[in-house]
Amino acid sequence: MKRIIFLCVAFVLASFALQDNNCDERIQILEDKLERLMTRLENMRDDRRDDIMSPMMSPKDHLFFNPSPWGYINAADAPFNATGDGKTDNTRSIQMALDYAASNGGGTVFLPVGTYLVNGNLRIGPYVSLKGSSDTPLRSYGTATTVAGTTLLAIAGSGTSSGTPFVFMTGPDTTIEGLSIFYPNQIAKNPPISFPFCISGTGDNLSVKNVLLVNPYQGIDFATESCPRHLIENVYGQPLLTGVQVDQCYDIGRIRHVHFWPFWTWNTDFGNWMGANAVTFRFMRSDWEIVEDVFSWGYFQVEFKMKFNLKIDTTRECYFPKVPTERSTDNLPTSILITSMWEFTSLPLSHTEFSFPISILPMLVKELDTFPF
């Protein structure tokens, strides 16, 4: 680089000298050489950019990469170069940072304030945290043209309720925290567009904290695969069909400070669809589930399909209203629907408010001599 600067300076000085002697021919020769030199410099810069983002190299081998000794990675820095402009696809950049952290024993991958378009899917490995800029769940969120904290724009999976989740967490000790997730292609119509679950995972000690789920078709899936000792805390949003589902939890899970409400949008037709179909929580097998301080409004019900053992300890206020809709014209609308329950299951509910009664299917009552509340 110093040599290039020296040659440029020499060219300028030589040009002035040759102009004084009216040596136009020599000036042209020097100009041609400088043009070739600048072309070479531009090619070197392009080669370096390609080298920085090469998938064949480890980030530690990339130019300008200076990893933190404390396990902290800013995904906006080189060589990852995540761009929060709402337009640039950041799937590769963010995944590259997450993979690097996982391959080095874990760490925090930080996404600074910005709106990050992600056309694909993300996987967070063991001992890795994906963290945005907020320490609380935000009320606002970024779009393709606006910025509000750290927002991921989720695109993949449109048109199907099954398939790869937007973010898949592989434990143990994996966290997503301090950001918002927004589906810009979702529509507030009856029915909305189907998408796979927004967040899913497998393994011990998965945590989702301080997250705004703006409008996912399906929110958090800790049921398809076993997620013992999960923690869902300070999660706000408007999941459209399913908020949280839990199954195969063989050690105590915890859900607290969850607020599901129309943060995204509400109109009569769309509200009727949610009120007739949307389930806030779907609990299946969980060897204790501690639920506290949760609020749900605008949803059909909370559903319990209890298999083998489930104990819900609601140690703080919980609010589960059912909003009447055109479909809910039956004589017994419900806040909680219990469809099946193992003989030894207990369901203590304390400090819990219901706008409508708990409904127990007749078949279930017939099977049990006593109902274990």
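Structure: above.
These numbers were taken from a predicted model, which means no experiment stands behind them. (Residues numbered from 1 in each chain as written. Predicted model: local features only at pLDDT ≥ 70, side-chain atom pairs only at ≥ 80, totals over all residues. Heavy atoms only, no water.)

Draft legend 1. Examining the overall build of the chain more closely. Along its length, the chain carries five helices and 23 strands. Buried positions account for 49% of the 373 residues belonging to the chain. In the chain, once contacts between residues fewer than 6 apart in sequence are set aside, the share between residues at least 24 apart is 66%. Of the roughly 17,800 Å² of accessible surface on the chain, 53% is carried by carbon and sulfur atoms. (Helix = DSSP H or I, 4+ residues; strand = E, 2+ residues; numbered from the N terminus. Buried < 20%, exposed > 50% of the residue type's maximum accessible area, 1.4 Å probe, protein only. Contact = heavy atoms within 4.5 Å. Areas by Shrake-Rupley, 256 points an atom, 1.4 Å probe, with all protein chains shown as cover.)

Draft legend 2. Summary view of the pattern of salt bridges. Following the criterion strictly, the structure yields four salt bridges and no others. Arg229 serves as the salt-bridge partner of Asp251, at 2.8 Å between the closest nitrogen and oxygen. Within this pair, whereas Asp251 is found in the loop between strand S14 (242–246) and strand S15 (253–260), its partner Arg229 is found in the loop between strand S12 (218–222) and strand S13 (231–237), the two being separated by 22 residues in sequence. Of the residues examined, Asp251 reaches a relative accessible area of 28% and is grouped as partly exposed. On the accessibility criterion, Arg229 (33% relative accessible area) is partly exposed. (Salt bridge = Lys/Arg side-chain N within 4 Å of Asp/Glu carboxyl O.)

Draft legend 3. Inspection of the nonpolar core at higher detail. Counting residues in each nonpolar core, the largest one holds 64 residues, and the members touching the most others are Ile94, Leu130, Leu152, Ile176, Ile181, Ile199 and Ile255. The greatest single-element share of this core, amounting to six residues, is contributed by helix H3 (residues 91–103). With near-sequence residues (within four places) excluded, Ile255 lies in contact with Ile232, Val244, Val246, Phe281, Phe283, Glu289, Ile290, Val291, Glu292 and Val294. (Core = buried A, V, L, I, M, F, W, Y, C linked by side-chain atoms within 4.5 Å.)

Draft legend 4. View of H3. Its 13 residues give H3 an end-to-end C-alpha distance of 18 Å, which sits within 8% of 18 Å, the value for a rise of 1.5 Å per residue. Buried residues of H3: Thr91, Ser93, Ile94, Gln95, Met96, Ala97, Leu98, Tyr100 and Ala101, and no others. Gly105, located one to two residues past H3, shows a positive phi value of around 90°. (Expected span 1.5 Å × (residues − 1).)

Draft legend 5. The arrangement of helix H4 (residues 268–277) in detail. Among the 10 residues of H4, seven are classified as buried, and the element is accordingly described as predominantly covered. Along H4, the residues classified as buried are Phe270, Gly271, Asn272, Trp273, Met274, Gly275 and Ala276. If you check the start of H4, you find a side-chain oxygen 3.2 Å away from the backbone N of Asp269, and it comes from Asn267. (Polar contact = N/O pair within 3.5 Å; in protein donor to acceptor, adjacent residues only side chain to side chain.)

Draft legend 6. Inspection of the pairing of strand S9 (residues 174–182) at higher detail. A large share of S9 lies buried, amounting to nine of its nine residues. Across three bridges, the pairing between strand S6 (residues 128–131) and S9 is parallel. Residue pairing for S9: Leu130 is matched across the bridge by Ile176. Of the strand pairs in this sheet, strand S7 (residues 150–154) and S9 are connected by three bridges, and their pairing is parallel. Residue pairing across strands places Leu152 opposite Ile181, the latter belonging to S9. (Pairing = 2+ DSSP bridges.)

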